[in-house]
Amino acid sequence: MTTHTIEFPYTRTLGPVIGPFLTGLRDGHVLGVRNRDGRVLVPPLEWDPATGEAIDVDFVEVGPAGTVETWAWVTEPTRKHPLDHPFAFALIRLDGADTALLHAVDAGSMDRMRTGMRVVARWKDERAGHITDLSFVPEEAA
Amino acid sequence: MTPAATEPDDDNSVKMMDYFMQLEYREPLCPVVRRYADQLLEGRLIGHQCPSCGLVYLPPRGYCPICVVETTDADETVLSDRGTVTNYTVVTPVQYYGQHETEPFVRASVTLDGGNATMNLQDLVDVPVDEVRVGMRVAAVWKPKGERSVADISNRSWGSAEGCIDGWRPTGEPDAPAEQFLGKATF
Ligand SMILES: [Zn+2]
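Residues numbered from 1 in each chain as written. Chains lettered and ligands numbered in written order. Predicted model: local features only at pLDDT ≥ 70, side-chain atom pairs only at ≥ 80, totals over all residues. Heavy atoms only, no water.

### Comments concerning the overall build of chain B
Put simply, the rule reads: Elements are defined by DSSP. Helices are runs of H or I of four residues or more, strands are runs of E of two residues or more, and each kind is numbered from the N terminus. Only protein chains enter the accessibility calculation, which uses a 1.4 Å probe; a residue is then buried when its area is under 20% of its type maximum, exposed when over 50%, and partly exposed in between. By definition, residues are in contact when any of their heavy atoms lie within 4.5 Å. Reported accessibility uses the Shrake-Rupley method at a 1.4 Å probe radius. Residues are deemed covered only where the shown protein chains occlude them.
Each helix and strand counted, chain B has one helix and 12 strands in total. The secondary structure elements of chain B, listed N-terminal to C-terminal, are β-β-α-β-β-β-β-β-β-β-β-β-β. In chain B, buried positions account for 41% of the 187 residues. Looking at chain B alone, contacts between residues at least 24 apart form 58% of all its contacts between residues at least 6 apart. Summed over all atoms, the accessible surface of chain B reaches about 10200 Å², with 51% contributed by carbon and sulfur.

### Some points on the confidence of the model for chain B
Residues and elements named next belong to chain B. Worth spelling out the cut-off: pLDDT expresses how confident the predictor is about each individual residue, on a scale running from 0 to 100.
Across chain B, pLDDT averages 89, with 92% of residues at or above 70. The spread of mean pLDDT over the elements of chain B runs between strand E1 (residues 2-8), the lowest at 47, and strand E11 (residues 137-142), the highest at 98. The low-confidence segment residues 1-5, where pLDDT is below 50, has 17 contacts with residues more than four positions distant or belonging to other chains. We note a pTM of 0.66 for the whole complex and an ipTM of 0.78 for its interfaces.

### Some words on the packing of aromatic side chains
For clarity, the cut-off: Between rings of Phe, Tyr and Trp, where Trp is taken as its six-membered ring, a pair exists when centres lie within 6.5 Å; planes separated by under 30 degrees are stacked, by over 60 edge-to-face, and by other angles tilted. Distance and angle both matter: a charge sits over a ring if NZ of Lys or CZ of Arg is within 6 Å of the ring centre and within 35 degrees of the ring normal.
For the coordinates displayed, the defined rule picks out one aromatic pair over all chains. Note on Phe 87 of chain A and Phe 89 of chain A: the rings are 4.9 Å apart at their centroids and 80 degrees apart in plane angle, and the pair reads as edge-to-face. The ring of Tyr 19 of chain B is capped by Arg 12 of chain A, whose NZ or CZ atom sits 5.0 Å from the centre of that ring.

### What about the sheet that holds strand E7 (residues 76-79) of chain B?
All names here are of chain B. What counts here: At least two bridges found by DSSP between two strands is the condition for calling them paired. Axis geometry follows a simple rule: fit a line to the C-alpha atoms, using only the stretch in contact for helices, then measure angles between N-to-C directions, giving values from 0 to 180 degrees.
Strand order in the open sheet formed by three strands is E4-E3-E7, and the pairing between neighbours is antiparallel. If you trace the sheet from one side to the other, it starts and ends with strand E4 (56-57) and E7, each paired once. With four bridges joining them, strand E3 (residues 45-49) and E7 adopt antiparallel strand pairing. Counterpart to His 48 in the pairing with E7 is Glu 76. Those strands touched by helix H1 (residues 31-41) are E3 and E7, and its axis lies near 145 degrees from that of E3.

Now the structure itself:
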C-alpha cells in the first residue's frame with residue numbers, strides 16, 4: 001500500500017462581505033447582512049439567494065446564542081472536522097438572524113442534541129479570522 | 001478543503017485567506033511492483049527481460065509495451081547496482097510551495113551495467129554539480145538494511161529506488177565513452 005498526498009495551496013480574496021464577516025469572527029462578533037426585504041442573512045452573502053439581487057451591504061450583529069433547526073451527529077470525526085471528538089453539525093439560527101448558519105455543536109453526547117435546543121457561541125482564545133474561530137455549545141452548559 | 005489561517009491586511013481587516021485543497025489517496029501495489037519493492041528492501045534491483053525483444057524493464061511492468069507481450073516471474077533478472085550516467089539535468093530550485101531544495105542539484109539517468117535498464121531522476125552523491133558528465137561511472141549507495149523504506153514506491157514510480165538508495169556515487173573508474181549513449185532512447 002502506498003499513500004499519496006496532493007496539495008493545491010490557494011490564497012483567496014474574500015471580498016466586501018465575507019472579509020468583514022471573518023474580521024468580525026476574529027474580533028468576537030457574528031455579522032449578518034440585511035436584504036432589501038429586511039431579512040438578516042447569516043452567514044452574510046453578496047447576493048440575495050431568493051432573488052439574485054445584489055445586497056446593499058448593511059451589517060447587523062447577531063447571536064451569540066441561537067436555536068438549532070436541524071442537526072446530524074458526527075460519531076467519528078476525521079482530522080479535517082472542526083472538533084476532534086464526536087459533535088453535531090447543526091443549522092443554527094442565531095438570535096436576530098432569519099437564516100441558519102451551519103456550524104459545530106460540542107454537546108458531549110448525542111443524547112443532549114435536539115431540534116429547537118438553544119446553543120451559544122464558544123470562542124477560541126486565539127482567533128485567526130476564519131469560521132473555526134468559534135463553535136457552539138448547549139446554552140445550559142455555557 | 002481545509003481553510004488555513006487568514007492574513008490580516010495592513011488596515012488590520014481580514015481580506016485574504018489561505019486555502020489548501022488536499023487530496024490523499026492510498027493504492028495497493030500491483031504484484032510485480034510489490035515484488036520489486038520487497039527485493040529493494042533486500043538490496044537487489046530486479047527487472048523483467050522481455051522474452052521477445054530482450055529489453056529489460058526496471059521495475060518490472062508485467063509486460064513489454066513494445067512487443068505487447070506479458071512478462072512474468074520467469075522473466076525476472078537481477079540487475080547490477082553499478083552503472084553509467086547516460087543523461088542528467090541540473091535543477092535550480094525555485095522556492096515554490098513544497099520545494100525543500102535550496103541549492104542546484106542533479107537528477108541523472110543511470111543505465112545499469114549489463115543491459116539497457118535505466119533508472120531515471122536519480123540523485124548523485126559526493127560529486128559537485130559541475131563535475132557531472134555523461135559517461136561517468138557510478139555505484140548505488142544503499143541505505144543500511146534496517147533503514148530502507150519502500151513507502152514512496154508507487155505503481156508509477158518506474159525506476160525509483162527512493163527510500164532504499166541514497167543516490168549514486170562516482171566509482172573513480174575511467175568514463176565510458178559518452179558517444180555510445182548520446183542520441184539513444186532508454187527504457
Ligand atoms: Zn519486448
